[in-house]
There are 2 protein chains.
Amino acid sequence: MMQFLSLDAIAALSANLPQADDAARTAAQDRQNSLTKPPGSLGRLEELAVFMAGWRGTDRPRIDRAQALVFAGNHGICAQGVNPFPQAVTAQMVANFTAGGAAINQICRVVDADLEVIALDLDRPTADFTAHPAMTEAETLDALNRGAAAVDPGADVLVLGEMGIGNTTIASALAAALLGGSVAEWVGPGTGADAATIARKTAAIEAGLKRHAGLDPLATLAALGGREQAAICGAVLAARAARVPVILDGFICTAAAVVLHALDPRLLEHCLVGHASAEPGHRRLIAALGARPVLEVDMRLGEGSGAALALGVLRAALECHNGMATFAEAGVSGG
Amino acid sequence: MMQFLSLDAIAALSANLPQADDAARTAAQDRQNSLTKPPGSLGRLEELAVFMAGWRGTDRPRIDRAQALVFAGNHGICAQGVNPFPQAVTAQMVANFTAGGAAINQICRVVDADLEVIALDLDRPTADFTAHPAMTEAETLDALNRGAAAVDPGADVLVLGEMGIGNTTIASALAAALLGGSVAEWVGPGTGADAATIARKTAAIEAGLKRHAGLDPLATLAALGGREQAAICGAVLAARAARVPVILDGFICTAAAVVLHALDPRLLEHCLVGHASAEPGHRRLIAALGARPVLEVDMRLGEGSGAALALGVLRAALECHNGMATFAEAGVSGG
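Treat the numbers as computed from the prediction; the structure is a model and nothing was measured. (Residues numbered from 1 in each chain as written. Chains lettered and ligands numbered in written order. Predicted model: local features only at pLDDT ≥ 70, side-chain atom pairs only at ≥ 80, totals over all residues. Heavy atoms only, no water.)

Topic: the relation of the copies chain B and chain A
- After a rotation of 180° and a shift along the axis of 0.0 Å, chain B superposes on chain A with an RMSD of 0.0 Å. In symmetry terms, the pair is related by a two-fold rotation axis.
- Looking at chain B, 100% of its interface residues are interface residues in chain A too, so the copies touch through the same face. (Least-squares fit on C-alpha atoms with pLDDT ≥ 70 in both. Contact = heavy atoms within 4.5 Å.)

Considerations on the layout of surface pockets
- If you add up the space inside the largest pocket, you get close to 480 Å³.
- What lines the largest pocket is a set of 24 residues, among which Val110 of chain A together with Val110, Val111, Gly312 and Arg315 of chain B lie closest to the centre.
- Of all the secondary-structure elements, those providing two or more residues to the lining of the largest pocket are helix H5 (103–111) and helix H14 (305–323) of chain A together with helix H5 (103–111) and helix H14 (305–323) of chain B.
- Ranked by residues supplied to the lining of the largest pocket, first place goes to H14 of chain B with eight residues.
- Looking at side-chain class alone, the lining of the largest pocket contains 12 nonpolar, four polar and eight charged residues.
- In terms of lining residues, the second largest pocket is bounded by 20 residues, among which Phe51, Leu268, Glu269, Cys271 and Ala291 of chain A are the most central.
- Per-element accounting of the lining of the second largest pocket gives the leading share, five residues, to helix H3 (residues 44–56) of chain A.
- Looking at the lining of the second largest pocket, its residues break down into 12 nonpolar, three polar and five charged. (1 Å grid on protein atoms, 1.4 Å probe; cavity = no way out; pocket = protein on both sides within 12 Å on 5 of 7 lines; lining within 4 Å. Points joined across faces, edges and corners; volume = space filled by probe spheres on them. Helix = DSSP H or I, 4+ residues; strand = E, 2+ residues; numbered from the N terminus. Nonpolar A, V, L, I, M, F, W, Y, C, P; charged D, E, K, R; others polar.)

Regarding the pattern of salt bridges
- Here the structure, examined in full by the defined rule, presents 40 salt bridges over all chains.
- Two residues, Arg62 of chain A and Asp64 of chain A, come together in a salt bridge whose shortest N-O distance is 2.8 Å. Each member of the pair, Arg62 of chain A together with Asp64 of chain A, is exposed.
- Glu185 of chain B is the salt-bridge partner of Arg284 of chain B, the closest N and O atoms lying 3.2 Å from each other. Here Arg284 of chain B is found in helix H13 (residues 281–289), whereas its partner Glu185 of chain B is found in helix H8 (residues 183–186), with 99 residues between them in sequence.
- Here Arg284 of chain B falls in the partly exposed class, since its relative accessible area comes to 33%.
- By relative accessible area, Glu185 of chain B is classed as partly exposed at 40%.
- Ionic contacts of the salt-bridge type, sharing partners, join the residues Asp121, Arg124, Glu139, Asp142, Arg146 and Arg227 of chain A into one network. (Salt bridge = Lys/Arg side-chain N within 4 Å of Asp/Glu carboxyl O. Buried < 20%, exposed > 50% of the residue type's maximum accessible area, 1.4 Å probe, protein only.)

Quick notes on the packing of aromatic side chains
- Overall, the coordinates contain zero aromatic pairs over all chains when judged by the stated rule.
- Here Arg284 of chain A stacks its cationic end above the ring of Trp186 of chain A, 4.5 Å away from the centre of that ring. (Phe/Tyr/Trp six-rings, centres within 6.5 Å; stacked < 30°, edge-to-face > 60°. Lys NZ or Arg CZ within 6 Å of the ring centre and 35° of its normal.)

Examining the environment of Gln87 of chain A
Residue and element names in this part refer to chain A.
- Within the fold, Gln87 resides in the loop between strand S1 (66–72) and helix H4 (88–99).
- By relative accessible area, which is 25% here, Gln87 ends up partly exposed.
- With near-sequence residues (within four places) excluded, Gln87 lies in contact with Asn74, His75, Gly76, Cys78, Pro125 and Ile165.

Considering helix H2 (residues 22–34) of chain A
Residues and elements named next belong to chain A.
- For H2, with 13 residues, the first-to-last C-alpha span of 18 Å sits near the 18 Å given by 1.5 Å per residue.
- Here H2 has its buried residues at Ala24, Ala28, Arg31 and Gln32. Angular distribution of buried residues about the axis of H2 spans 100°; they occupy a single face of the element. Of the exposed residues in H2, those oriented more than 90 degrees away from the buried face are Asp22 and Ala23.
- The N-cap residue of H2 is Asp21: its side-chain oxygen and the backbone nitrogen of Ala23 are 2.9 Å apart. (Expected span 1.5 Å × (residues − 1). Arc of directions from axis to C-beta. Polar contact = N/O pair within 3.5 Å; in protein donor to acceptor, adjacent residues only side chain to side chain.)

Some thoughts on the confidence of the model for chain A
- In the predicted model, chain A carries a mean pLDDT of 95, and the fraction of residues at 70 or more is 98%.
- Among the prediction metrics, the complex's ipTM stands at 0.96, with pTM recorded as 0.97. (pLDDT = per-residue confidence, 0-100.)

Quick word on the pairing of strand S3 (residues 157–163) of chain B
All names here are of chain B.
- Counting buried residues in S3 gives seven out of seven residues, a clear majority hidden from the surface.
- Here S3 shows two buried faces, one formed by Val157, Val159, Gly161 and Met163 and the other by Leu158, Leu160 and Glu162.
- Direction of pairing for strand S1 (residues 66–72) relative to S3: parallel, over a ladder of seven bridges. Bridge pairing links Ala72 to Met163 in S3.
- Pairing of S3 with strand S4 (residues 246–248) involves two bridges; the strand directions are parallel. Its bridge partner lying in S4, Val159 is registered against Ile247. (Pairing = 2+ DSSP bridges.)

Brief notes about the pairing of S1 of chain B
Residue and element names in this part refer to chain B.
- Counting buried positions along S1 gives seven out of seven residues, so the element sits mostly inside the fold.
- In the sheet, S1 pairs with strand S2 (residues 114–119) via six bridges, with the strands oriented parallel. Of the residues in S2, the one forming a bridge with Val70 is Val117.

Re the side chain of Thr36 of chain B
- Considering the arrangement of structural elements, one finds Thr36 of chain B in the loop between helix H2 (22–34) and helix H3 (44–56).
- By relative accessible area, Thr36 of chain B is classed as buried at 1%.
- There is a polar contact of 2.9 Å between the side chain of Thr36 of chain B and the side chain of Asn96 of chain A.
- A polar side-chain atom of Thr36 of chain B sits 3.5 Å from the main-chain carbonyl oxygen of Gly101 of chain A.
- Non-local contacts of Thr36 of chain B, meaning those with residues more than four positions away in its chain, are made with Met93, Asn96, Gly101, Ala102 and Glu303 of chain A together with Met324, Ala325, Thr326, Phe327, Ala330 and Val332 of chain B.

Describing the sheet that holds S1 of chain A
All names here are of chain A.
- Ordered in space as S2-S1-S3-S4-S5, the five strands form an open sheet in which the pairing is parallel. Both outer strands of the open sheet, strand S2 (114–119) and strand S5 (271–273), are each paired with one neighbouring strand and no more. The mean inter-strand angle of the sheet, taken between neighbouring strand axes irrespective of direction, is 25°.
- On the sheet, helix H11 (residues 227–241) packs against S1, strand S3 (157–163), strand S4 (246–248) and S5 and is oriented at approximately 175° with respect to S3.
- Sitting on the sheet, H14 touches S1, S3, S4 and S5, and the angle it makes with S3 is about 165°. (Axes fitted to C-alpha atoms, helices over the stretch in contact; angles between N-to-C directions.)

So, the sheet that holds S2 of chain B
All names here are of chain B.
- If you walk across this open sheet you meet the five strands as S2-S1-S3-S4-S5, and the pairing is parallel. Across the chains shown, the open sheet's two edge strands, defined by having one partner strand only, are S2 and strand S5 (271–273). Mean inter-strand twist for the sheet, computed between neighbouring axes without regard to direction, equals 25°.
- Strands in contact with helix H6 (residues 137–150) are S1 and S2; relative to S1, the strand with the most contacts, it is inclined by about 160°.

Overview of the packing of H2 of chain A against H14 of chain A
Residues and elements named next belong to chain A.
- As a packed pair, H2 and H14 sit with axes 9 Å apart at the nearest point and diverge in direction by 75°. One finds that H2 runs roughly perpendicular with respect to H14. Contacts between H2 and H14 involve Ala28, Arg31 and Gln32 from the former and His321, Asn322 and Gly323 from the latter.
- The class makeup of the residues in the contact of H2 with H14 is one nonpolar, four polar and one charged. (Parallel < 35°, antiparallel > 145°, perpendicular 65-115°, else oblique.)

Structure (structure tokens):
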């Protein structure tokens, strides 16, 4: 399913959106209230269990397979000097992922997620958006479809992440275009930009916004985005079609999801924000989505690392939900 | 070691405190800076890895054995109607821990911690502190020693938790006595107290503070505390003697640790606060300790549940620290 995303297919999905199962949610909440603890005392763990119950359509949801997808792309905007690292680092980091040497590899091992890294035409960066649209419509749809096709509809949860030198600039541009506000409010240090680099990031984004103003969300994605952002959108849509809950990562991943939010806020109902990144714009994005991050541990790495760490909390939530005794089972008074 | 805690032994420990290994910390920080990520981008995970390196005395700390200790006690203050649950629930929950049905059992399984539950004379509650000191000096030292004796000096990290109907009242009393402020600021709903119960909690604590004013920290522990609070103090001290880092749980566990902080703030240098509880006084306690919780997920259950969940983050931190490639190893530019 979702192998052939098109603008029409996205509209059709929006018109007939798979929903969470309210009966399963209610049954899961009833179970939470029967477990040997004061009602509500597991806080967000209870909310996460009920959320999972709704999307998986069962009062006792399990995570047998957690899929983690990391999409990588390269960006023509790097010609504007927006990042201290050379663009070759994207492919080098993909090799590092493949060899098991990156943070996301270690965290996926701890939380038992199956990691797949998908490099999207790294030798063919998008265009510099200060001069041209970053991608054609065909390139955008291709990346959307590659993201959608990567999703295992049999997974119980999907962790999304990204890698791409220069892509905090992409994320800031998408955020400013779709949510408004001054560019400076959306621009941060990324991988470690100094003040001069930040000034170049800001100027490049301002030029891009001026050149590509007044576009609809998907045209904005094409004009200012990148392949990994489009792939994230495709994966979120494919996951929704299969009622697979999604854990979004940090600033870049969330900014990509904002494209879908701008199309139809309901498209993100099955998504959690795994953590609040230390990249300053992320909290503004989270607020714009009306979301609440699972973790706040000052991470700002990308790669899906914060989302994967949040999967550990989700696993604990479901272990409590499924494994705890009820007051009646345990013979504990007062339930 | 630490089998025979006494007031003199605590003073002797304070006078000759085991310290973190600065060379190991520095070497661990150097390693963090060499790993394939922008420096600092793993946020608190980097801090946690360096913290562990210092206390374990190696630049590559591991968690081969994580010990979780949950101490349970009963409290004479329950005669004042401070808790909606009957006191028998303490023993019922201990049986639930033993049978594997509580939240802490599930979370310990997820984060691979070895759980031990130590019931401290549940059939012999402490005295009602509105009328008498809760414990004699001998009872206090006995509980301190039982906590200390339970610590495995060969563990790599110690998770501490507690169970005891009525013990948010104990925690609020200790906090108010040791840190000052109005009693109302330290009193919250606990397991689900209504307004009338909260009023009784507040009145009971005010009476206790009036009766047991002007005492030193350990005498305050005896007068207002309970066996599980004393055992937590003993375990923190024994862990320090063995340079085993500690993860404190929520309001009650942290309030117990405040007794040690009042004796000598350095006694808690090896302790993390695992999470910020939804019990309102906990954030005030955390601020008084100058600590920062690892997690903020609205838990307010006790049992060590929040501390155990934080162990999952600590494990991820060390997996990244030990398992990631360096820039040189991975052939990634820009390190």
